Structures are given as C-alpha cells and as structure tokens.
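Each chain, letter by letter, is given below.
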Amino acid sequence: MKSKLVMMALSCAMFTSCATIVSGGSPKITIDGNTAEPVTITTEKQGYSNVTLPYKVKVKRHKIDGQRIHIQSATQRYNDIVLTKNVNGWTFGNILLGGVIGWWVDLGTNCVSKPSQTYFYIQPQGNNQ
C-alpha cells in the first residue's frame, strides 16, 4: 500500500495531473437493491442486461451532474438514479505541485469531478402491469 502511494505521488510530480492519473477512466457506481429477479441497468455510458444486484456499472465522466441511471425488470418499476458531483480531492495535488498544466489536463478529462455517491440502494416502486 505504501509503495503504491509513493508511485502515485511520483507520477503526480512527474506529470502534474494527479486526478487524471489516479482517477482516470470511467467512474464506477454500485447499485444494490431489494429484488431477487434480474434487472436491466442503462447508464449514459452503456447498458447491462439481466444482471443481479449488487452490480457495479460505469458512468460517463463528463457531465456527471444530472446523469441518469435507468433500472427496470420484467415485473418491477424503479425510480431513476440521478447523479450529483463533488470535487475530486486528487485535483489539489496539482496545486501542491504547481501543476497549472496538470490542472488543465484534469479539467479537460473532467477528473476534477467525481460522483458524490458511489453506492445506491433501490426499492421496487410497484408492478409494471
């Protein structure tokens, strides 16, 4: 664990875009719920058919705020999950290391933002019939 942190710090010092290096890629959200049947989950990034909960899905990094995750099953209805964002703490690594260029890289990749919540528990709303 300590060597991993040292490698991340060195990478941030060399490339000065800490949040992009550490948090790059698509954020993952875990969806759990009170259902025994498979569900279909659709994010703005991709769809996941007939999965059992709990399940991890990828969401788009750009425009996290307001992104919707739609969940449905053959017999149940669920409210959409609407994402909100927080500031990614790793972006402050750029300020500490003097990386204005890295800050711009993080802004361009939207790694300055992360979902404010990464675990959601869903409940069925009623029958779809």
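As a reminder, the structure under discussion sits directly above these lines.
The sections below set out a description of the structure shown in this document. (Residues numbered from 1 in each chain as written. Predicted model: local features only at pLDDT ≥ 70, side-chain atom pairs only at ≥ 80, totals over all residues. Heavy atoms only, no water.)

1. What about the overall build of the protein chain?
Here is step 1 of the chain: For the protein chain, the count of helices and strands is four helices and eleven strands.
Here is step 2 of the chain: Relative to its full complement of 129 residues, the protein chain shows a buried share of 36%.
Here is step 3 of the chain: For the protein chain, the share of sequence-separated contacts (at least 6 apart) that also reach a separation of at least 24 residues comes to 67%.
Here is step 4 of the chain: For the protein chain, the exposed area adds up to about 7800 Å²; of that, 55% sits on carbon and sulfur atoms. (Helix = DSSP H or I, 4+ residues; strand = E, 2+ residues; numbered from the N terminus. Buried < 20%, exposed > 50% of the residue type's maximum accessible area, 1.4 Å probe, protein only. Contact = heavy atoms within 4.5 Å. Areas by Shrake-Rupley, 256 points an atom, 1.4 Å probe, with all protein chains shown as cover.)

2. Some thoughts on the packing of aromatic side chains
Here is step 1 of the chain: Counting across every chain of the model gives one aromatic pair.
Here is step 2 of the chain: Between Y48 and Y55 the ring centres are 5.6 Å apart and the planes differ by 65°, which places this aromatic pair in the edge-to-face class.
Here is step 3 of the chain: Of the residues examined, Y48 reaches a relative accessible area of 9% and is grouped as buried. (Phe/Tyr/Trp six-rings, centres within 6.5 Å; stacked < 30°, edge-to-face > 60°.)

3. Some remarks on the pairing of strand β10 (residues 119-122)
Here is step 1 of the chain: Residues of β10 alternate between two faces, with F120 and I122 buried on one and Y119 and Y121 left unburied on the opposite face.
Here is step 2 of the chain: Pairing analysis gives four bridges linking strand β1 (residues 28-33) to β10, with the strands arranged parallel. Within β10, the residue paired with G33 across the bridge is I122. (Pairing = 2+ DSSP bridges.)

4. A word on the sheet that holds β10
Here is step 1 of the chain: Across the sheet, which stays open at both edges, the three strands sit in the order β4-β1-β10 with mixed pairing between neighbours. Among the strands making up the open sheet, the edge pair consists of β4 (55-58) and β10. The sheet shows a mean angle of 30° between the axes of neighbouring strands, taken without regard to direction.
Here is step 2 of the chain: Of the pairings in the sheet, the one linking β1 to β4 comprises four bridges and is antiparallel in character. Its bridge partner being in β4, I31 is matched across the sheet by Y55. (Axes fitted to C-alpha atoms, helices over the stretch in contact; angles between N-to-C directions.)

5. Details of the side chain of T35
Here is step 1 of the chain: Mapping T35 onto the fold places it in the loop between β1 and β2 (39-42).
Here is step 2 of the chain: Polar contacts involving the side chain of T35 include one to the main-chain amide nitrogen of E37, which spans 3.4 Å.
Here is step 3 of the chain: Residues in contact with T35, not counting those within four places in the same chain, are L53 and Y78. (Polar contact = N/O pair within 3.5 Å; in protein donor to acceptor, adjacent residues only side chain to side chain.)

6. As for the environment of Q117
Here is step 1 of the chain: If you trace the backbone, Q117 turns up in the loop between β9 (113-115) and β10.
Here is step 2 of the chain: On a C-alpha basis, the gap between Q117 and K85 in space is 7.9 Å, while along the polypeptide they are 32 residues apart.
Here is step 3 of the chain: Side-chain polar atoms of Q117 contact the backbone oxygen of Y119, separated by 2.7 Å.

7. Thoughts on the nonpolar core
Here is step 1 of the chain: Ranked by internal contacts, the top residues of the largest apolar core, which has 17 residues, are I29, I31, I41, I69, I71, I81 and L83.
Here is step 2 of the chain: If you list the elements that add at least two residues to this core, you get β1, β2, β3 (47-51), β5 (68-72) and β10. (Core = buried A, V, L, I, M, F, W, Y, C linked by side-chain atoms within 4.5 Å.)

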